[in-house]
Amino acid sequence: MSALAERPRFAARIDPLRRLFASPASVLLTIGCLALLVWVLPDLLRFFVFDAVWTANDGLACRAPGAGACWAFVAHKLPYFTYGAYPLAQRWRVDIVFGIGAALLGWVLIPRAPARKFGGGLLLLVYPIFAFVLLEGAPALGLVRVSSDLWGGILATFVVAAFGIFVSLPFGILLALGRRSNLPVLRLASIAFIEFMRGVPMIAVLFMAATMLPLFLPGWLTPDRLLPPLVGVALFASAYMAEVVRGGLQALPKGQSEAAQALGLRFWARQRLVILPQALRLVIPAIANTVIGLFKDTTLVATVGIFDFLRSVDSARLDPHWAGPTITTTAYSFAAIFYFVCCFGMSRYSYYLESRWHP
Amino acid sequence: MSENSPPQDAAVEIDGLDKWYGDFHVLRDINLVVGKGERIVVCGPSGSGKSTLIRCINGLEEHQHGRLVVNGIELRRDPAAIDKVRRNVGMVFQHFNLFSHLTVLENCTLAPMHVRKLPKAEAEDLARRYLARVRLAEQVNKYPAQLSGGEQQRVAIARALCMSPSIMLFDEPTSALDPEMVTEVLDTIVGLAEDGMTMVCVTHEMGFARQVADRVVFMDDGEIVEIDRPEAFFTAPRHERTKLFLSRILR
Ligand SMILES: Nc1ncnc2c1ncn2[C@@H]1O[C@H](COP(=O)(O)OP(=O)(O)O)[C@@H](O)[C@H]1O
Ligand SMILES: [Mg+2]
C-alpha cells in the first residue's frame, strides 16, 4: 500500500523535450530523425505545396519545367474520381446517398448521440435499400435506371467496402459460432468455408465469383458487372472476420456462458446479451485490422472490370490533355492520401472504442 | 430420521446416476434425495466429482445413466426440460462469473428481463430489493471489476435470487475469496437458509456445515461414501476415507 502510494504517479508527464535527450541512445535517435526530416521535408514541401500548380484548365502549366504537383489535374478530375461514369445529370442521387450515409454514420458512431439504436436500425435496415434504389434507379418512381456498370470511383469503392463490412460482420459471427458448434454438419461446413476462402487469393475469389455467380442466378436477372465482386469481397472478408471473432469467443472464460446458461438464457439470447458483447470488445483491434484490410482490398475489384477509385485515378492519369511529367506522381499521391485518410480514420475510431471499453 | 431417509416432498431425486468424461467414470452410481427446504452440504477431496454432481442438477453437465428429477421434471437430453429446470434452480459459482460488461444492476436484471420477460422497471425494482438484501444497495451502478471478491459473490447470489429459484446450488462459493471476506458471503447464505431455501452447497467450511446443513454428503472418487447429520458426521464418521478427509480438513 505505502509502496504504491509513494510511486510517482505521473511518470508519463516528464517533460517530453527532456525525454528526447534522456540517454546517449535517444540523443542519437533524436538527432538522426531530425536530420532525416531536414533532408526530405523541404523537397516534399516544395513539390507538393510551394511549386505545386493549383489552378489550370489543362496540362500546360503543369508541364512547365520545375513545376510541382499538378493539383489542378486532381481538381479537374475530381467528379470522375467520385462518380466514375455515373451520368452527369443523375449525380445528385449519389450526393444524396453519400450525404445521408455520412449523417447516419455520424449518428451511430458517436456514442453520446441520442436514440442511437434507432439510428443503427435505419443505417442497417433502411439505408441499404434506400441507397440501392436511389443509385440503381426505379422507373416507377421516376428515377432513370443507371446500370451499376457505370458506377465508379469513390462511389464504387464505398459501395464495395460498405457491402463487405455490412455482410462480413454478421456472417463472420455466424461462421465463428458455427465453427464452435456441437453439430458436426454445421462445424464442418463452417471450417470448409473459412479454410477455403483463406487458402485462396482474393483475386481468384473475384474471378470465380465473376464466372460462377451468373450460373446460380435465375435467367431473368440481367448479368450485372458489380454484383459478383461485391459478393466475392463480402465472402472473402467474412472468412477473416470469422477467425477474428472466434479468437474473441475463445478468449472469453467458459464461466460466462455457464452463468448465462444457469440463469436460463437460451443459446441466441446468451450469444447476443452475454457472449458477443464481451468477445467482440476483446477483439476490436483485430476487427479494425480486418475492416481496414477489406477497405484496401477493394482495389482488387479493378481486375474484374470495376472502375473503383484507384482504377479511375490510374486511368485519368493517361488523359493526353493533361499528360506531363508530374501527373503520375500527383495522381498516385492523391490516391494514397485518400486511402490513408479513410484507413487512419477507421484506426483512430477503433482506438477510441477500445479506450471507452477498457479504461 | 435415518441417514438417507427420502423426505416426503422431493426437490431433487437422483437415482443410480452415472457419468463419464470419455473413458473416465466421474460419477458412480449416485443416489441422493434432497427434500424441499432441505440444506445439503457436499464435501470431499478435490477431483472427487462434487462440482460435476451439482452441475448435473441444472443440466450444465449431462449424465449418461440413471434418473435425475428436479422439481418433478426429469432431466434428459430434452432442451425444453432443461430450460424448465433452470428457471427454478439458481447457481452460484466458485469464481462468481459476473458479466463483466454489465453493471451490478444489469447483471441482476438481465435474466428477469430476457427469461421471465419482466418489464425493465419491474426487473430493476426486484434487483434492487435483492441487492439491498445482500447489502449492496449502494453499489448498483458499479461494474464487477470495481468490487471486492466478497461483494462480487454477493452480487452473484442476488443475481441468482432475482429469478426466484426454489433451489440454490453453490459450488465452493467462498474458496476463491480472501479469508476476511468469507464470513460476509457465508452470512448471506445462512440468511437464505433461515428463510427455508432448498440448497445444495459444495463447501469445506465446516463451521458453516454444522450451522446450516441438515445432512452432509461426503464424496470420494466419484462416489457418495457417506451421508449423515452434521453432528454424527463430524463426531463419529463411519468410513476410513471420511476420517482421513476430516483429519486433513479439521487440522
Ligand atoms: N470437462 C471435463 N472433461 C474431462 N474431465 C473432467 C472435466 N471436468 C472435470 N473433469 C474431471 O472430473 C473429475 C471431477 O471433477 P470435479 O467435479 O470438478 O471435482 P471437484 O469439484 O470435486 O473438485 C476430476 O478428476 C476432473 O479432472
Ligand atoms: Mg469443484
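All figures in this text were calculated on a predicted structure; none of them were measured in a lab. (Residues numbered from 1 in each chain as written. Chains lettered and ligands numbered in written order. Predicted model: local features only at pLDDT ≥ 70, side-chain atom pairs only at ≥ 80, totals over all residues. Heavy atoms only, no water.)

### Concerning unusual backbone geometry
Residues and elements named next belong to chain B.
Then comes step 1: In this structure, Phe 96 takes a positive phi of about 65° despite not being glycine.
Then comes step 2: Looking at where Phe 96 falls in the secondary structure, it is placed in the loop between β6 (89-92) and α3 (104-114).
Then comes step 3: A positive phi angle, close to 60°, is found at Asp 221, a residue other than glycine.
Then comes step 4: Here Asp 221 is to be found in the loop between β9 (215-220) and β10 (223-228). (Helix = DSSP H or I, 4+ residues; strand = E, 2+ residues; numbered from the N terminus.)

### Side note on the pairing of strand β2 (residues 24-35) of chain B
Within a regular strand, the side chains alternate between the two sheet faces.
All names here are of chain B.
Then comes step 1: Looking at chain direction, strand β1 (residues 10-21) and β2 are connected through eight bridges and run antiparallel. The residue of β2 that forms the bridge with Lys 19 is Leu 27.
Then comes step 2: Connecting β1 to the next strand, β2, in antiparallel fashion are two residues, including Gly 22 with a positive phi near 60°. (Pairing = 2+ DSSP bridges.)

### A look at the layout of surface pockets
Gaps left between atoms are located by rolling a probe of water-molecule size over the structure's atoms.
Then comes step 1: Empty space within the second largest pocket amounts to approximately 1600 Å³.
Then comes step 2: In terms of lining, the second largest pocket is formed by 41 residues, of which the most central are A:Asn182, A:Ser257, A:Gln261, A:Phe267 and A:Arg270.
Then comes step 3: Contributing elements (two or more residues each) for the lining of the second largest pocket: α8 (153-179), α9 (184-198), α11 (227-251), α12 (254-262) and α13 (267-282) of chain A together with α1 (50-57) and α2 (79-88) of chain B.
Then comes step 4: Ranked by the residues each element gives to the lining of the second largest pocket, the list is headed by α13(A), at five residues.
Then comes step 5: Counted by class, the lining of the second largest pocket contains 16 nonpolar, twelve polar and 13 charged residues. (1 Å grid on protein atoms, 1.4 Å probe; cavity = no way out; pocket = protein on both sides within 12 Å on 5 of 7 lines; lining within 4 Å. Points joined across faces, edges and corners; volume = space filled by probe spheres on them. Nonpolar A, V, L, I, M, F, W, Y, C, P; charged D, E, K, R; others polar.)

### Thoughts on helix α15 (residues 309-316) of chain A
Residue and element names in this part refer to chain A.
Then comes step 1: All of the buried residues in α15 are Phe 309, Ser 312, Val 313 and Ala 316. For α15, the angular spread of the buried residues around the axis is 100°, confining them to a single face.
Then comes step 2: As for α15, its buried residues are in contact with α5 (71-83), α8 and α16 (327-357). (Buried < 20%, exposed > 50% of the residue type's maximum accessible area, 1.4 Å probe, protein only. Arc of directions from axis to C-beta. Contact = heavy atoms within 4.5 Å.)

### Thoughts on the pattern of salt bridges
Then comes step 1: Scanning the model with the defined rule gives 27 salt bridges over all chains in all.
Then comes step 2: With a shortest N-O distance of 2.9 Å, A:Glu243 and A:Arg179 are connected by a salt bridge. With A:Glu243 in helix α11 and A:Arg179 in helix α8, this residue pair connects regions lying 64 residues apart in the sequence.
Then comes step 3: Of the residues examined, A:Glu243 reaches a relative accessible area of 16% and is grouped as buried.
Then comes step 4: Residue classification places A:Arg179 among the buried positions, given a relative accessible area of 16%.
Then comes step 5: Across the pair B:Asp214 and B:Arg39 runs a salt bridge, and its minimum N-O distance is 3.8 Å. Of the two residues, B:Asp214 sits in the loop between α7 (206-212) and β9 while B:Arg39 sits in strand β3 (residues 39-43), which places them 175 residues apart along the sequence.
Then comes step 6: Judged by its relative accessible area of 27%, B:Asp214 falls in the partly exposed class. (Salt bridge = Lys/Arg side-chain N within 4 Å of Asp/Glu carboxyl O.)

### Here we look at the domain arrangement of chain A
Residue and element names in this part refer to chain A.
Then comes step 1: Here the domain parsing of chain A yields domain 1 (90-145) and domain 2 (151-316).
Then comes step 2: A straight line from the C-alpha centre of domain 1 to that of domain 2 covers 22 Å.
Then comes step 3: Contact with domain 1, which involves seven residues of that partner, is made by seven residues of domain 2.
Then comes step 4: Between domain 1 and domain 2, roughly 560 Å² of surface is buried when both sides are summed, and carbon and sulfur atoms account for 79% of that area.
Then comes step 5: Per-residue buried area on domain 1 facing domain 2 is highest for Phe 98, Leu 124 and Leu 135; these three make up 63% of the total on that side.
Then comes step 6: Counting across the interface, domain 1 meets domain 2 through zero salt bridges.
Then comes step 7: Run the count over domain 1 and domain 2 and you get zero residue pairs in polar contact (both at pLDDT 80 or more).
Then comes step 8: Secondary structure elements with two or more residues in the side of domain 1 that touches domain 2: α6 (91-109) and α7 (116-136).
Then comes step 9: Here the side of domain 1 that touches domain 2 gets four residues from one element, more than from any other, and that element is α7. (Domains from an automatic or database assignment. Buried area = accessible area lost by both parts, 1.4 Å probe. Polar contact = N/O pair within 3.5 Å; in protein donor to acceptor, adjacent residues only side chain to side chain.)

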